[in-house]
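# Notes for the structure review
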Amino acid sequence: MKKILITGGAGFIGSHVVRLMVNKYPQTQVYNLDSLTYAGNLANLTDIELKPNYFFLKMDILDQEKINSLFEEHHFDAVLHLAAESHVDRSITNPLEFIHTNILGTVNLLNAARNFWNKPYEGKRFYHISTDEVYGSLGSEGLFTETTAYDPRSPYSASKASSDHFVRAYHHTYGLPVVISNCSNNYGPNQFPEKLIPLFINNIIQMKPLPVYGKGENVRDWLYVEDHAHAIDLILQKGKNGETYNIGGHNEWKNIDLIHILCKIMDKKLGREPGHSETLITYVKDRAGHDLRYAIDAGKLQRELGWEPSLQFEEGLEKTVDWYLNNKAWLEQVTSGEYQNFYHQQYEKR
Ligand code: NAD
Ligand code: TYD
């Protein structure tokens, strides 16, 4: 592939995808389009920003005119669409923002691809990156497969589900060559400290309370972010048009069990007394409509494309903790400004 557009490339997962593409495919021009919301940070990409095949475009996917001009000017071979509002708690406070970015933003990109790519779209690919949360919430048994019926239950997952439907509709109606993947919870370096793992790492460093929602019994299936980026690369290269692939870590953890492990790792790394961080655990009011359990069956991706996660969870968690401890300036930068307001609204008023 000669020229690819990655949206949301300054965010958590997007920055890992951009890095992988820029380094692995030096002959491919990688365009990173990002409006740099609170979650987007070019400091995530300092190691590759001077590479000759990397280009940054500060642009909003909601800006229809600019998006159309961009597609008119550049004949992208593929779009990897990751730009989104991604945090469930923020979607509960402000659903409209999620409808704008996640639904309308996606449709803008689909329209641009549909209108400016030459038909019959030979060699083109529109790759939409989605989440397992579109499938709803599991009980104690079962796994999400690609055929599980959609049942989104938060404004975030409803907006992602809607965007997935539009992507499929553009495939069926206009023949746009699309592919979708739905991934479980990611963790790793560069994740904004509003999500569970980096928030708790940051709070432990600062000896602040660790706000566990409800009883801490909700279950998530965790995948190291670089494993997700490798799966995205594989699906981009080898996935079939019109298909959906589930990506997951075969790695389910009850929140409270994960938090205990994280506390142990943090005590060890910070040279604190064993048990110190656990004293910070504070049970708080549950999230509204809190999905009980997510778990992915990634069998199709393994069988058809040979993908498997590479890291064991404890190894991945240690790597993640090391990254945050070695990048305190990054953490301080992203937690100044707007983050303080968010934190106050979300936790201190609870
Ligand atoms: P993130 O919030 O860290 O990053 C989102 C990026 O999108 C940011 O750089 C932000 O500036 C950019 N962005 C937001 N609105 C924009 C707009 N209107 N125009 C241009 N850029 C805009 O998100 P993430 O966790 O990296 O998630 C990336 C994608 O992967 C999302 O689509 C998300 O739904 C999906 N996903 C995330 C997870 C997860 O665990 N984080 C799991 C599965 C799927
Ligand atoms: P999160 O990282 O927000 O991801 P998602 O809700 O998309 O799965 O949350 C992961 C789990 O951790 C989820 O069950 C909610 C819980 N959680 C807390 O208990 N406390 C917190 O402060 C946060 C942010 C999440």
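Read on for an overview of the structure. Please read all numbers here as calculations on a predicted model, not as lab measurements.

Criteria and thresholds
Residues numbered from 1 in each chain as written. Chains lettered and ligands numbered in written order. Predicted model: local features only at pLDDT ≥ 70, side-chain atom pairs only at ≥ 80, totals over all residues. Heavy atoms only, no water. Near = heavy atom within 4 Å. Areas by Shrake-Rupley, 256 points an atom, 1.4 Å probe, with all protein chains shown as cover. Helix = DSSP H or I, 4+ residues; strand = E, 2+ residues; numbered from the N terminus. Nonpolar A, V, L, I, M, F, W, Y, C, P; charged D, E, K, R; others polar. Expected span 1.5 Å × (residues − 1). Bend = angle between axes of the 7 residues up to and from the residue. Buried < 20%, exposed > 50% of the residue type's maximum accessible area, 1.4 Å probe, protein only. Contact = heavy atoms within 4.5 Å. Polar contact = N/O pair within 3.5 Å; in protein donor to acceptor, adjacent residues only side chain to side chain. 1 Å grid on protein atoms, 1.4 Å probe; cavity = no way out; pocket = protein on both sides within 12 Å on 5 of 7 lines; lining within 4 Å. Points joined across faces, edges and corners; volume = space filled by probe spheres on them. Lys, Arg positive; Asp, Glu negative; His and termini not counted. Salt bridge = Lys/Arg side-chain N within 4 Å of Asp/Glu carboxyl O. Pairing = 2+ DSSP bridges. Right-handed = clockwise from strand over helix to strand, strands pointing away. Axes fitted to C-alpha atoms, helices over the stretch in contact; angles between N-to-C directions.

## Some points on the site of ligand 1
- Of all residues adjacent to ligand 1, which total 29 residues, the nearest are I13, D34, S86, Y156 and K160.
- For ligand 1, whose free accessible area comes to 830 Å², the fraction covered by protein is 96%.
- Mapped onto the shell around ligand 1, the elements with two or more residues apiece are α1 (12-24), β5 (125-131), α5 (155-174) and β7 (185-187).
- Per-class residue counts for the shell around ligand 1 are 13 nonpolar, 12 polar and four charged.

## Side note on helix α4 (residues 95-116)
- With 22 residues, α4 extends 31 Å between its outermost C-alpha atoms, agreeing within 8% with the 32 Å of an ideal straight helix rising 1.5 Å per residue.
- Of all bends in α4, the biggest is about 25°, found at L104.
- All of the buried residues in α4 are F98, T101, N102, I103, G105, T106, V107, N108, L109, L110, A112 and A113.
- At its buried positions, α4 is contacted by β1 (3-7), α2 (64-73), β4 (78-81), α3 (88-93), β5 and α5.

## Topic: the site of ligand 2
- Surveying the vicinity of ligand 2 reveals 20 residues, the closest of which are E133, R220, R287, H290 and Y347.
- Here an oxygen atom of ligand 2 sits 2.9 Å away from a polar atom, N or O, in the main chain of Y213.
- H290 is positioned such that a nitrogen or oxygen atom in its side chain is 2.7 Å from an oxygen atom of ligand 2.
- Protein contacts shield 98% of the accessible area of ligand 2, which totals 510 Å² for the unbound molecule.
- A breakdown of the residues in the shell around ligand 2 according to their chemical character gives nine nonpolar, five polar and six charged.

## Regarding unusual backbone geometry
- Put simply, K119 and P120 share a cis peptide bond, and its omega is 5°.
- Note that P120 resides in the loop between α4 and β5.
- Of note in the backbone geometry, N190 takes a positive phi value of approximately 70° without being a glycine.
- Here N190 shows up in the loop between β7 and α6 (196-205).
- Judged by relative accessible area, N190 falls into the buried class, the value being 6%.
- Backbone geometry places H250, a non-glycine residue, at a positive phi of 45°.
- Structurally, H250 is set in the loop between β10 (244-247) and β11 (252-254).

## What to know about empty space enclosed by the protein
- Here the structure, examined in full by the defined rule, presents one cavity of 30 Å³ or more.
- If you add up the space inside the largest cavity, you get close to 40 Å³.
- For the largest cavity, the full set of lining residues is V88, S154, R220, R287, A288, G289, H290, D291 and Y294.
- Across the lining of the largest cavity, the residue classes break down as three nonpolar, three polar and three charged.

## Focus: the side chain of D227
- In this structure, D227 sits in helix α7 (residues 225-238).
- For D227, which is buried and forms no salt bridge, the nearest opposite charge comes from K319, at a distance of 8.4 Å.
- A polar atom in the side chain of D227 sits 2.8 Å from the side chain of S310.
- A polar atom in the side chain of D227 sits 3.4 Å from the backbone nitrogen of L311.
- Residues within four places of D227 in sequence aside, it is in contact with W307, P309, S310 and L311.

## Describing the pairing of β1
- Within β1, five of the five residues are buried, which leaves it mostly tucked inside the rest of the structure.
- Residue alternation in β1 divides its side chains into two sets, K3, L5 and T7 and I4 and I6, and both sets are buried.
- As paired elements, β1 and strand β2 (residues 29-34) share five bridges and run parallel to each other. Of the residues in β2, the one forming a bridge with K3 is Q29.
- A crossover connection joins β1 to the parallel β2 through α1; in handedness this β-α-β unit is right-handed.

## Focus: the sheet that holds β5
- Read from one edge of the open sheet, seven strands run β3-β2-β1-β4-β5-β6-β10, paired in parallel fashion. With one partner strand each, in any of the chains shown, β3 (54-58) and β10 form the two edges of the open sheet. The average angle at which neighbouring strand axes cross in this sheet is 20°, direction not considered.
- In the sheet, strand β6 (residues 178-183) pairs with β10 via four bridges, with the strands oriented parallel. What sits directly across from I180, in β10, is T244.
- Contacts from α5 reach β5, β6 and β10, with the element oriented near 155° to β5.
- Packed on one face of the sheet, α7 meets β4, β5, β6 and β10 and runs near 150° to β5.

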